[in-house]
Structures are given as structure tokens and as C-alpha cells.
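These are the residues of each chain, in order.
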Amino acid sequence: MKDRLQQLKKEFAEIVDHVVDRETLEELKTQFLGRKGKLNGLMKEMANLADEERKLVGAVANEVKEAIEAAFGEAECRVSKASMASSAAKEWIDVTEPALHTRPRGTLHPVTRVQQDLEELFTSMGFMVLDGPELESDFYNFTALNIPPSHPARDMQDTFYVDGRPDTVMRTQTSPVQIRGMRAYGVPLRLIAPGRVFRNEATDVRHEHTFHQLEGLVVDKGISMAHMKAVLEVVAQHLYGQDTKIRLRPKFYPFVEPGVNGEVTCYLCKGQGCRLCKHSGWLEIFGAGMVHPNVLKEGGVDPDVYSGFAFGFGLTRLVMLKYGIDDIRHLESGDLRFLKQF
Ligand code: PHE
């Protein structure tokens, strides 16, 4: 009897090790420990034993029952761990996959991108960044910039005048911020003023009523054209690489004297001549010059003590050159097919 009990324990131990799923394990439990199971079968036979003998065998039977239960517990633990591991393997999550319900994300407008890049460059050189009003007084936009009323220089810019407000214009340039900057902060002064400007253009691929400029002004004692050239060279090389050269040629702007038209070597053909630079090897990207004494005076600065230079980049032009945009009208169109490319 005892041997048969020990045999039962051994038999269970051998089988249970091979079980890998929960159902088989349950079945095995019923077979061995269930009411009509093998252990109970043996126990029933114990009834026929003599008292003394039954006590001994009973003790063994209990020990066997506990051993089987313990082995069952272990197997149960092993099987459930294995099944968790296998379902985890089947249900893995790809954390790199984009979520299904994200809010659509906008992107920065190409003008904003180039503007921010230049703001960073100029602030690294100690310039401050100023804003000015887009609806500007005729005084700041023209008169204070050495363009008195009825001066023919006003014809250079096709101005939007505003109905019922004869002293007001949509600013045609960012240059009025030169005057505003000098009046607000005095000298010495280093500022840039990026922003929107407006002209009454008949629009086509190269003309738009709304576009962007980036103005700059430096005023201090002893400022010369050499300073101007050095700063503009830094900007050109930042934009188009270390081997970029600049070319300054005389050009009239009423608020500077002397005034220059600023070009950089064409980044596409490196000055050889190509379609982009209209075979000249040069790209015109800014106007600049030494601040006219009358303009310093309007800014409250003594031209006998201070001098300065100013420049105005065609920000829109820089953007078109950078991204190869062939029609200026895309920029203000609000067309998502265009904007989504940035
Ligand atoms: N304001 C000029 C323009 O719109 C550009 C410029 C700025 C030229 C500063 C010289 C100095 O054309």
C-alpha cells in the first residue's frame, strides 16, 4: 500500500513536468486529486486495513497528497508565467508608430524660418530686434527719412494711402523703424527690424502687394563704411557659405549717403553665371548706406558726433532664393498645398 502511494507521487511528478497548458493541468489534478481520482481510490482501500497499519499508511497518504499539491502549485505557476510571456510576445506594441488620432500639426512659414535664423545671427552680434507699426505715419515712412512731401523720391515706391487718413500710409519699407529706434533708445544703437511692408503693385510672379524686409541700423561714434561692409559680409557668408563675396555699387536712397546696392556671389553657380543670377554671377539681396545726417537729426542724434550705417534686406527675396520659390504670390496665398512643404 505504501509503495503504491509512493508510486502515485512519482507518477504525478513525472507527468506534471511535461504539462505546458492550463487545461491539461486541471485535468491532471482531477485525475489524481479529484473525488473519483487515483489518490481517493487508494484511500478507500485503506478502510480494509488493520487499525495499526491504517495509521501508518494514512500518514504516508497525507504526505503524498501534500507533495502532489505542492508539485501542482509549482506547475501552475510555471504554466501561467509561460502563457503571459507568450501573449506579451504576440501583443507587442510598436512605439515608433504614429498615433492614430493626433491633432494636425502646423509648420513655420518659410518667411518666419528665415527671419528667425537672421534674428539669431544678429542678436549674437549684439543687435536688438524691433517691431514697428504696419500702418505708419507719412512722417516716419517718408519725411523723417529725408523724403519731404512732393519730393520726386516718393515716386520710387507705389504707396497705399489710406482713405480719410491723409497722414497715414501702409508702410512701404521697414526703414521708419530706424527713426523710431533712435528716438526710443538713443545712441549707441544696434537694431534690426524685420517685418511686413506694402506696395501698390500690379502682382505677377515677381511682384506682390505684401512682402517682407529686414532693416538694420548701427549708430555710434566713428562708424564707417568698413564696419558696414564687414557686417554685411558676415550675413552673406552665414546665408550662402564662407566663400561668398559681396559687391557694393552706388545706388541712390534718400536716407543714406553714400548709398549702395548690395549683391552676393550667386550661390548656385558660384559666380560663373546661370539662370538664377541672370548670367551676371551676382544676386541682389539688399540696399544699404551711411545714414544721412538729416535722418540722424530726425532721430535726435547729433550727426557731427555720431555716424552710422543702415541696410535693408529683401527678406522675401532671401526666402525665395533659399527654397527655390518661383512665384512670390505663393508666400501670402495661405495655400496649404504650398505651406505644407515646409
Ligand atoms: N528701404 C529701402 C528699400 O525699401 C532699403 C534700404 C534700407 C536701403 C536701408 C538703404 C538702407 O528699398
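Since this is a predicted model, take the numbers as computed values, not measurements.

1. Overview of the site of the ligand
Close to the ligand lie 14 residues, the nearest being Gln173, Ser175, Arg199, Gln213 and Gly312. At a separation of 2.9 Å, a nitrogen atom of the ligand approaches a polar side-chain atom of Ser175. A distance of 2.9 Å separates an oxygen atom of the ligand from a polar side-chain atom of Gln213. Protein burial of the ligand: of its 330 Å² of free accessible surface, 91% is covered by the chains. Of all the secondary-structure elements, those providing two or more residues to the shell around the ligand are strand 6 (210-220), strand 9 (282-291) and strand 10 (307-314). The leading source of residues in the shell around the ligand is strand 10, at three residues.

2. Topic: the domain arrangement of the protein
Interface size, as often reported, equals the accessible area lost upon joining of the parts. For the protein, the assigned domains read domain 1 (2-91) and domain 2 (110-339). Using only C-alpha atoms to locate each centre, domain 1 and domain 2 end up separated by 91 Å.

3. Observations concerning the sheet that holds strand 2 (residues 135-137)
Strand order in the open sheet made by the three strands is 2-4-3, with antiparallel pairing throughout. Both edges of this open sheet fall to strand 2 and strand 3 (161-162), since each of them pairs with a single strand only. By the bridge criterion, three bridges tie strand 2 to strand 4 (residues 165-170) in an arrangement that is antiparallel. Bridge pairing in strand 4 links Leu135 to Met170.

4. A closer look at the pattern of salt bridges
If you walk through the whole model with that rule in mind, you get 12 salt bridges. Residue Arg249 pairs with Glu263 through a salt bridge whose shortest N-O separation is 3.3 Å. Of this pair, Arg249 sits in strand 7 (residues 246-250) while Glu263 sits in strand 8 (residues 256-265), and the two are 14 residues apart along the sequence. A residue is classified by how much of its surface remains accessible, and Arg249, at 38% relative accessible area, is partly exposed. Among the charged side chains, a network of salt bridges with common partners joins Arg247, Arg249 and Glu263.

Procedures and definitions
Residues numbered from 1 in each chain as written. Predicted model: local features only at pLDDT ≥ 70, side-chain atom pairs only at ≥ 80, totals over all residues. Heavy atoms only, no water. Near = heavy atom within 4 Å. Polar contact = N/O pair within 3.5 Å; in protein donor to acceptor, adjacent residues only side chain to side chain. Areas by Shrake-Rupley, 256 points an atom, 1.4 Å probe, with all protein chains shown as cover. Helix = DSSP H or I, 4+ residues; strand = E, 2+ residues; numbered from the N terminus. Domains from an automatic or database assignment. Pairing = 2+ DSSP bridges. Salt bridge = Lys/Arg side-chain N within 4 Å of Asp/Glu carboxyl O. Buried < 20%, exposed > 50% of the residue type's maximum accessible area, 1.4 Å probe, protein only.

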